[in-house]
Amino acid sequence: MVQLSTRAKLAILADAAKYDASCASSGTTRRDSRGGKGIGSTEGMGICHAYAPDGRCISLLKILLTNSCIFDCHYCINRRSSDVRRARFTAQEVVDLTLSFYRRNYIEGLFLSSGIIRSSDYTMEQMVEVARSLREDHHFRGYIHLKTIPDADPDLIHQAGLHADRLSINVELPTESGLKRLAPEKDGVRIEGAMSRLRSDMEDGQDARRKYKSAPRFAPAGQSTQMIVGADAADDRAIIARASSLYDRHKLRRVYYSAFSPIPSPSAVLPLKRPPLLREHRLYQSDWMIRFYGYDAQEIAAATDAATGCLPLDIDPKLAWALSHRATFPVDVNRAPREALLRVPGLGVKAVDRILSSRRHRRLRLDDVARLTTSIKKLRPFLIAADWRPLALIDSADLRARVAPPARQLDLFA
Ligand code: SF4
C-alpha cells in the first residue's frame with residue numbers, strides 16, 4: 001500500500017465511514033466557505049453528530065480504521081472486489097487523531113468502525129487497542145462507540161465493552177435470504193449470537209454495579225444495530241417485524257435504518273435505484289411508535305399497504321394506523337387513558353403528558369389542545385374535547401384527504 005499522509009488517510013477513511021447510519025448529519029447539503037464567503041463547512045472530514053444517552057447532541061470523530069476488507073458484501077463500497085482507494089490507520093494514529101481533535105474542541109468522542117483485515121480477531125484487537133489506549137493510557141473521558149465484528153472472539157468483544165460507551169453489531173439486511181444473497185460471508189445466526197452475548201454481558205455488568213459501586217461499567221450506552229433498506233426485496237412489514245424482534249430479544253437501544261444508496265462500481269445484483277429517502281423516514285417513525293407510543297409490530301403492519309407491504313409515503317404511519325382503525329376513535333381528551341391519547345395522530349409524548357397534568361385542574365377545550373400540537377386539523381376528527389365532538393367526521397369517506405398533508409410539487413432535480 002502506498003504511504004499516505006495522515007490527512008490523506010483521514011480523507012479516505014472518513015469518507016468511507018459516511019455510509020454508516022448512526023450519524024444525524026450525514027444527509028445534509030454540501031456547503032463550504034472556501035473562496036472567502038461565509039464561515040464553516042459541511043464537508044469537514046470525519047466529524048458527525050450523534051445523541052448521547054442523556055439526549056445531548058455530541059460531535060464525534062467518525063472514521064474507519066481501514067477501508068480494506070477481506071469480505072465481499074455486494075452493497076459495500078469497501079468490499080474486496082471494489083476498486084476504491086485503500087488506506088489504513090494504525091491504532092496509535094487513531095488515538096493521536098482523537099486526542100488532537102478533542103483538545104481542539106472539535107469533537108466529544110469517537111465513532112470507530114472498520115473493514116476486516118487479516119481476520120475478524122486481528123481487526124477487533126486493533127479496535128480494542130484504540131479504545132484501551134484512549135481510556136487507560138490517556139484517561140480519555142469522551143464518548144466511544146465501537147462497531148464490533150460478530151465473528152470476533154467473544155472475549156475481544158467483551159473487552160471492547162469495558163472501554164466503549166456503546167457497541168453496535170450490524171444485522172445489515174432485514175432477512176436471512178437477503179443476507180445470504182448480498183453478504184454471503186456473513187451469518188445471521190452468528191450475528192444474533194454476538195448480540196445475545198452482548199445483552200447478557202450488559203446485564204451482568206449492571207447487576208455487578210448494583211452490588212458493587214466499583215465494578216467496571218460495560219457499554220453503559222447499550223448496543224445498537226443498522227439495517228439497509230431497499231437493497232433487497234424485503235418490504236416494510238418484514239423490516240419492522242425484524243426490528244421489533246431485535247428490540248425484544250437483545251434489548252437494543254436503537255435500530256438504525258440506512259436507505260440503500262447506489263455506490264460507485266456497483267455489483268450487478270444490486271438495484272439500480274435508491275429507495276425514496278422518505279421510506280427510511282417512515283421506518284424511523286414506525287420505530288418511534290414501537291419505542292414510545294406502545295404499538296407492536298403487528299399493529300404497525302396493519303398500517304402498511306396490502307399490495308406492497310410498505311408504509312404509505314404521503315402520510316405518517318401513526319395517521320395511517322388511525323385511519324385503518326377508526327372504531328378506536330374519537331377519544332375523549334378529558335377522560336382517555338395515556339395509552340389511548342398516545343394513539344391520536346398529532347399528539348406526541350410531551351403533549352400527552354401536558355394534557356394529563358392540565359386536565360387534573362380543568363376540562364380541556366379544543367383550543368387548549370391546539371396549543372400543544374402543530375396540526376389541529378389532523379387531530380380534530382380523532383378527539384373529543386369539552387367544546388368539540390366530531391360526530392360523523394370519523395366515518396366520512398373523505399377523511400384521509402381531509403387530514404393528509406397537502407401534496408407538494410416534486411423537485412425536478414431532487
Ligand atoms: S464486512 Fe463490512 S466492510 Fe467488509 S465488505 Fe462487508 S460490509 Fe463492507
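Sequence order as written defines residue numbering, which begins from 1 separately in each chain. Per-residue local features are limited, in this predicted model, to residues with pLDDT of at least 70; the limit for side-chain atom pairs, both in listing and counting, is 80 or more; totals at the level of whole chains, interfaces and linings are taken over all residues.

A. Highlighting the overall build of the protein. Looking only at helices and strands, the protein has 15 helices and nine strands in total. The globule rule is 2.2 Å times the number of residues to the power 0.38, and the radius of gyration it is compared with is taken over C-alpha atoms. Taking 2.2 N^0.38 as the reference for a compact globule, 414 residues should give roughly 22 Å; the C-alpha atoms of the protein span a radius of gyration of 24 Å, in line with that estimate. Taken along its principal axes, the extent of the C-alpha atoms in the protein is 75 × 55 × 55 Å. Here the protein holds 414 residues, and the buried ones make up 38% of them. Contact between two residues is assigned whenever their backbone-derived C-beta positions fall within 7 Å. Pairs at least 24 apart in sequence give 65% of the contacts found in the protein among residues at least 6 apart. Only runs of H or I of at least four residues qualify as helices and only runs of E of at least two qualify as strands under DSSP, and these elements are numbered from the N terminus. For the exposure call, what matters is how many other C-beta atoms sit within 10 Å of a residue's own: 20 or more marks it buried, 12 or fewer exposed, and in between partly exposed, using C-beta atoms placed from the backbone.

B. Molecular detail of the packing of helix 2 (residues 91–103) against helix 3 (residues 120–137). Here the axes come from fitting lines to C-alpha atoms, over the contacting stretch only for helices, and the angles between their N-to-C directions go from 0 to 180 degrees. Remark: helix 2 packs on helix 3, axes separated minimally by 9 Å, with the N-to-C direction vectors making an angle of 40°. What the angle tells us is that helix 2 and helix 3 run oblique. Helix-helix and strand crossings are classified by hand; for helix 2 and helix 3 the assignment is right-handed. The residues of helix 3 that touch helix 2, namely those facing Ala91, Val94, Val95 and Thr98, are Gln126, Glu129, Val130, Ser133 and Leu134. Relative orientations are named as follows: roughly parallel for angles under 35 degrees, roughly antiparallel for angles over 145 degrees, roughly perpendicular for angles from 65 to 115 degrees, and oblique for any other angle. In this scheme the handedness of a crossing depends on how the near helix is turned from the far one: anticlockwise by less than a right angle means left-handed, clockwise means right-handed.

C. Expanded view of the environment of alanine 8. Looking at where alanine 8 falls in the secondary structure, it is placed in helix 1 (residues 6–17). Judged by the 13 C-beta atoms lying within 10 Å of it, alanine 8 falls in the partly exposed class. Counting along the chain gives 153 residues from alanine 8 to glycine 161, while the straight-line C-alpha distance between them is 30 Å.

D. Focus on the domain arrangement of the protein. Domain segmentation is taken from an automatic or database assignment of domains. Split by domain assignment, the protein resolves into domain 1 (6–23 + 43–301) and domain 2 (317–403). Of note, the centres of domain 1 and domain 2, computed from C-alpha atoms alone, are 38 Å apart. With nine residues of domain 1 in contact, the opposing surface of domain 2 contributes seven residues. When residues of the side of domain 1 that touches domain 2 are traced back to their parent elements, those giving at least two are helix 8 (277–292) and helix 9 (297–301). Here the side of domain 1 that touches domain 2 takes five residues from helix 8, the largest share from any one element. Throughout this entry, Asp, Glu, Lys and Arg are counted as charged residues, while Ala, Val, Leu, Ile, Met, Phe, Trp, Tyr, Cys and Pro are counted as nonpolar. The remaining residues, Gly among them, count as polar. In the side of domain 1 that touches domain 2, the residues fall into four nonpolar, three polar and two charged.

E. Just the site of the ligand, in detail. Each residue receives a C-beta atom placed from its backbone. It is near a molecule or strand if this atom lies within 6 Å of it. Taken together, Cys69, Phe71, Cys73, Cys76, Asn78, Arg79, Gly115, Ile116 and Ala183 are the residues near the ligand. By residue class, the composition of the shell around the ligand is six nonpolar, two polar and one charged.

F. Focus on helix 1. The terminal C-alpha atoms of helix 1, which comprises 12 residues, lie 16 Å apart, in line with the 16 Å expected from a rise of 1.5 Å per residue. Three or more residues of helix 1 are buried, namely Lys9, Leu10, Ile12, Leu13, Ala16 and Ala17. Buried residues in helix 1 make contact with strand 2 (57–64), helix 2 and strand 3 (109–113). The length a helix should cover is 1.5 Å for every residue beyond the first.

G. Main features of unusual backbone geometry. Here phenylalanine 329 and proline 330 are connected by a cis peptide whose omega angle stands at 0°. Looking at the secondary structure, you find proline 330 in the loop between helix 10 (317–324) and strand 8 (331–332). Its identity as a non-glycine residue notwithstanding, asparagine 105 has a phi of 70°, on the positive side. Tracing the backbone shows asparagine 105 in the loop between helix 2 and strand 3. One non-glycine residue with positive phi stands out, namely alanine 219, at about 35°. Residue class for alanine 219 comes out buried when judged on the 26 C-beta atoms lying within 10 Å of it.

H. Representation of the pairing of strand 4 (residues 143–147) in the model. Extensive coverage of strand 4 is indicated by the burial of five of its five residues. Here strand 4 shows two buried faces, one formed by Tyr143, His145 and Lys147 and the other by Ile144 and Leu146. Strand pairing is defined by DSSP finding a minimum of two bridges between the two strands. By the bridge criterion, four bridges tie strand 3 to strand 4 in an arrangement that is parallel. Bridged to phenylalanine 111 within strand 4 is histidine 145. Whether a crossover is right-handed comes down to one check: with the strands pointing away from the viewer, does the path from the first strand over the helix to the second run clockwise; if it does, it is right-handed. Between the parallel pair strand 3 and strand 4, the chain is carried across by helix 3, and the sense of this crossover is right-handed. Across three bridges, the pairing between strand 4 and strand 5 (residues 166–168) is parallel. In the sheet register, histidine 145 faces strand 5, and the bridge partner there is arginine 166. The parallel pair strand 4 and strand 5 is bridged by helix 4 (residues 154–163), and the resulting crossover is right-handed.

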